[in-house]
Amino acid sequence: MKYKSIICLIFSVLTLPLAGWGKPETTQAVSVVKLRTELLNNPVGIDATQPRLSWNIAGAGRGIRQTAWQIIAASSPEKLASGQGDLWNSGKVESDQSLHIRYSGAALKSNTHCYWKVKVWTNKGESGWSNSASLTVGLLNYVDWKGRWIGADHGFPWDSETQWSRLSARYLRKEFDTKKEVKHATAYIIGLGLYELYLNGQKVGDQVLAPGPTDYLKGVKYNAFDVTGFLKAGKNAVGTVLGNGRYYTMRQKYKPYKIKTFGYPKLLFNLIIEYKDGSSETVVSDESWKLTADGPIRSNNEYDGEEYDARKEMPGWSTPGFNDSKWQEAEFVQEPGGTYEAQMNENMKVMATIKPVSIRKQGAKYILDMGQNFAGWLRLRVKGAKGDSVKLRFGENVQPNGELYVRNLRDARSTDVYVLKGAGQESWEPAFIYHGFRFVEVSGYPGTPTINDFDGRVVYDDMKNTGTFSTSDATVNQIYKNAYWGILSNYKGMPVDCPQRNERQPWLGDRTTGSYGESFVFDNSRLYAKWLDDIHQSQKEDGSIPDVAPAFWRYYGDNVTWPATYITVAEMLYRQYGDLESIRKHYDPMKKWMDYMAGKYTQDGLIIKDKYGDWCVPPESKELIHSRDPKRQTDGVLIASATYIRLSSIMEDFARLLGKDQDAADFAKRAETIRQAFNKKFFDESKGQYSNNTITANLLPLVHGIVPEGSRDKLVKSIADKILVENKGHIGTGVIGTQWLMRGLSEYGRADIAFRLATNRDYPSWGYMIDNGATTIWELWNGNTANPTMNSANHVMLLGDLIIWYYENVAGIKSDPAAPAFKRILMKPDMIEGLQSASASYESVQGMIKSEWKRSSGTFSWTITVPANTSAMVYIPAKSAEQVKEGKKKAGLTEGVKFLRMEGNRAVFEVGSGNYSFTSTL
Ligand code: RAM
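Residues numbered from 1 in each chain as written. Predicted model: local features only at pLDDT ≥ 70, side-chain atom pairs only at ≥ 80, totals over all residues. Heavy atoms only, no water.

Attention now goes to the packing of helix H7 (residues 580-601) against helix H8 (residues 636-657). Between H7 and H8, whose axes approach to 10 Å, the crossing angle comes to 140°. For the element pair H7 / H8, the angle class is oblique. The two elements H7 and H8 meet at a crossing, and its hand is left-handed. Facing H7, whose interface residues are Leu 580, Ile 583, Tyr 587, Met 590, Lys 591, Trp 593, Met 594, Asp 595, Met 597 and Ala 598, H8 presents Tyr 644, Leu 647, Ser 648, Met 651, Phe 654, Ala 655 and Leu 657. Considering only residue class, the contact of H7 with H8 consists of 14 nonpolar, one polar and two charged. (Axes fitted to C-alpha atoms, helices over the stretch in contact; angles between N-to-C directions. Helix = DSSP H or I, 4+ residues; strand = E, 2+ residues; numbered from the N terminus. Parallel < 35°, antiparallel > 145°, perpendicular 65-115°, else oblique. Left-handed = near helix turned anticlockwise from the far one by under 90°. Contact = heavy atoms within 4.5 Å. Nonpolar A, V, L, I, M, F, W, Y, C, P; charged D, E, K, R; others polar.)

In structure tokens:
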């Protein structure tokens, strides 16, 4: 037995997914895996001089807890391998912390490389040294950037700058020599609005639509690449293509009062070449570069599409020796104005390639069905004569007559054009645009197209899919799938509201709670940390925060619910990822906004400013976008004040975390004062209802701790009656109420109602969307019948807290707010009549968590996985602890399982890391 388990241990260590390079030095029972810097693996060009380092621990057996760690950081891989921490040797530090350890070694300077490794001590023994991870510090200061901004601050004769502007892409190139043996080469690029980078004819990186969008007057993101392997001895060439992105948005200049435009595409480029002899040189953007806009990309803009003329291709343009005599000299141009910042969130990538499911003839055209609504583009294969032109129009749906449906795109043309060069088999995909679509109208295709001539290229931020979820209920599973596609479609270097119409804006209110649910499905930690910076940059001097950030649309209207996202996203990052840094960084501007709103908009003790109400409640008539029926609408003052109370209590927590006790007390007092005015104004104690008794009016006080002691049950009944009796078992909330609905029902004992809402298939419900052809989530509950002017079929805001409910309440995987980042996991799945099983996995920052439960004929069985260096509170449905088994023995007698207490009809155990298998009699 003993030998067997040792062999198992060794085997499991050897099969661990090891990051970085080199081999671990030893194969102990515990080992360190997945080293991360600022949550990234081996990043190049980071902005931090004191990066945060994290790791996971792996090992077989139960109850592994870290007791100490040691980090060594060195300036070269060789030094690190020989154990010389010339940058940092932390020594042994007694601590169980394995996330966000601040690098505290020698100062890290611009463009320096740092190699690091870690070992840990645990209650089960000590690990060997981990694999190595590396990081390269970016260009930290403005003056570290050499060279000049180049481009052409004007259009070209073939461009047209109208509402549907046609600006061609700009191609820039330069040749240079490497004079000695290269040790390391790092390319730093700020290519605005979007760039592609080539070295010696090879594309650098697999990012698309880079860099991440920002308010370029406030901040611009640079990307950095280790390009050592791209360089050759002697002659080399660098080339970049610049697209418009959100920088050149002249298309929208017809609304200058609303929509920001920045200027023409431009480039700042530094290639730092370090030679083996210790010397270095930098290739920079300057007047020695050549430029042309007369290349194949004739036009590109995010909303209207891309036009590509293959006859204009310039073979070899980014390799040495290309004849660029017809190109002009690059011009010096204005710098964009914003601070240069390392992009710490992932760029977008082609994340999947999908096949169309059908193609059919429609008059002289064809209609292609991808079978799935998503954001990205189509890759095309075609054979024909030089000058043949294939046109692709994208839409989310088809009309009853079979034609493409584009009315809900508003004035976005969403059309790509490819002109053939006539060189046999040709293949093309766009570079600087994306579409939100399921259907494509194909015209001008030479010959008869088949589905094999097209690929759907699914494009979103390169973040890891961290969660899986399924249950015994097919509707729940299908909604989860739709949500998955909806969420990924709307990650575009910022979270956008929709990917198809002429909007695609980073609306704050759509993510107030959504960001938290999404964090189970995707590792969105870096994207949302970046978004907090965007929101901060959009804040006005007086404290005002817009509804859209980056504020590409200037929507400064001062309401509580949309800007609230600034605070709730920071809360999510801390709860799910342990990111205290974001709270620290944004606390002052958040407080400034809280003070500004209270100072300007308090009346009779309440916060009176609201704009959107409970946005998109199911309306009384199926053609309406917004309800006009006062009975369905919730008072804006109630929404604003309840939300403000909630935000005050989050701010109180933040203040405590940062040791600002006076602030904490102030926020607590603020919440309490509003709470009293709130109950006085809105609460009818005898009826047990608030205001006009909408679900949202009753739910917000319930979940935000506003309801006076002793009245909660009555309120829960009011909510239940409204849903079950008046709404005949249907949802009646919009964007605000739905953010709390599912958890609220579960937490107050009505998981049965939550389940009913989750599984309905008739109007209004998520299931209704499915039955009406949705493969994502709609903007409106009545998305199949409502006015198309505001009716996207791919919008995530109506998900509310559904995904959180799936993971936390159905599967039972929840981070204990008192021990964030899943340091302690609360595992308490709801037992719901009608649901026989649930199975979920979540790759948390601590490691993999799993929960798989089943109920059948009076027995409950549950297997769980708890990652090393964490613990879980496990709530097992049972009449008594006696009836719970773990493995074959009575639970509580097996290793690592401690019985704590009975709580109602649950036996509560505490477990350490490991795999467990519980059964109980119900
Ligand atoms: C619409 C968007 C968005 C929403 C705003 C208020 O334009 O669809 O989702 O947040 O309105």
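The subject of this paragraph is the pattern of salt bridges. Considering all chains together, one arrives at 64 salt bridges under this definition. The closest approach of N and O atoms between Lys 266 and Asp 153, which form a salt bridge, is 3.8 Å. Here Lys 266 is found in strand E19 (residues 266-275), whereas its partner Asp 153 is found in the loop between strand E11 (150-151) and strand E12 (170-178), with 113 residues between them in sequence. Judged by relative accessible area, Asp 153 falls into the partly exposed class, the value being 32%. Across the salt bridge formed by Lys 221 and Glu 341, the nearest N and O atoms sit 2.9 Å from each other. Pair noted here: Lys 221 is in strand E17 (residues 219-226) and Glu 341 is in strand E26 (residues 339-342), with a separation of 120 residues, a long-range link. With respect to class, Lys 221 is no different from Glu 341; both count as buried. Linked through salt bridges whose partners overlap, the residues forming this network are Lys 355, Arg 379, Arg 381, Glu 429, Asp 455 and Arg 457. (Salt bridge = Lys/Arg side-chain N within 4 Å of Asp/Glu carboxyl O. Buried < 20%, exposed > 50% of the residue type's maximum accessible area, 1.4 Å probe, protein only.)

Further remarks concern the sheet that holds strand E51 (residues 906-911). The strand order E42-E43-E47-E51-E50 describes an open sheet built from five strands, whose pairing is mixed. Strands with a single pairing partner mark the edges of an open sheet, and in this sheet they are strand E42 (814-815) and strand E50 (897-903). Relative to E51, E50 is paired through six bridges, and the arrangement is antiparallel. Paired with Val 897 across the strands is Val 911, a residue of E51. (Pairing = 2+ DSSP bridges.)

Turning our eyes to something else, we now look at the sheet that holds strand E7 (residues 101-102). In space, the three strands of this open sheet follow the order E1-E3-E7, with antiparallel pairing throughout. Two strands close off the open sheet at either side, each with one partner strand: strand E1 (30-37) and E7. Bridge count for strand E3 (residues 52-59) against E7 is two bridges, and the pairing is antiparallel. When the sheet's bridge partners are listed, Leu 53 is paired in E7 with Ile 101.

Surrounding the ligand, one finds Asp 497, Arg 501, Glu 503, Trp 507, Asp 510, Trp 562, Tyr 612, Trp 615, Glu 779, His 795 and Met 797. The separation between an oxygen atom of the ligand and a polar side-chain atom of Asp 497 is 3.2 Å. Glu 779 places a polar side-chain atom, nitrogen or oxygen, 2.7 Å from an oxygen atom of the ligand. The fraction of the free accessible surface of the ligand (290 Å²) that becomes covered by protein chains is 95%. Considered class by class, the residues forming the shell around the ligand number five nonpolar, one polar and five charged. (Near = heavy atom within 4 Å. Polar contact = N/O pair within 3.5 Å; in protein donor to acceptor, adjacent residues only side chain to side chain. Areas by Shrake-Rupley, 256 points an atom, 1.4 Å probe, with all protein chains shown as cover.)

Once that is clear, we can look at the domain arrangement of the chain. As a measure of interface size, the accessible area lost when the parts come together is often cited. Partitioning the chain into domains gives domain 1 (6-137), domain 2 (146-344), domain 3 (350-461), domain 4 (467-800) and domain 5 (825-921). For domain 3 versus domain 4, the separation of C-alpha centres amounts to 36 Å. Contact with domain 3, which involves 23 residues of that partner, is made by 27 residues of domain 4. Here domain 3 and domain 4 share an interface that buries about 2,000 Å² over both sides, 51% of which is from carbon and sulfur atoms. (Domains from an automatic or database assignment. Buried area = accessible area lost by both parts, 1.4 Å probe.)

This next bit is on the pairing of strand E47 (residues 871-877). Judged by how many residues are buried, E47 sits mostly within the fold: seven of seven residues are covered. Of the two faces of E47, the one lined by Ser 871, Met 873, Tyr 875 and Pro 877 and the one lined by Ala 872, Val 874 and Ile 876 are each fully buried. Bridging between strand E43 (residues 824-827) and E47 involves four bridges; their strand directions are parallel. The residue bridging Leu 826 from the neighbouring strand is Met 873, located in E47. Note that E47 and E51 share six bridges and pair antiparallel. Note on E51: the bridge partner recorded for Pro 877 is Arg 906.

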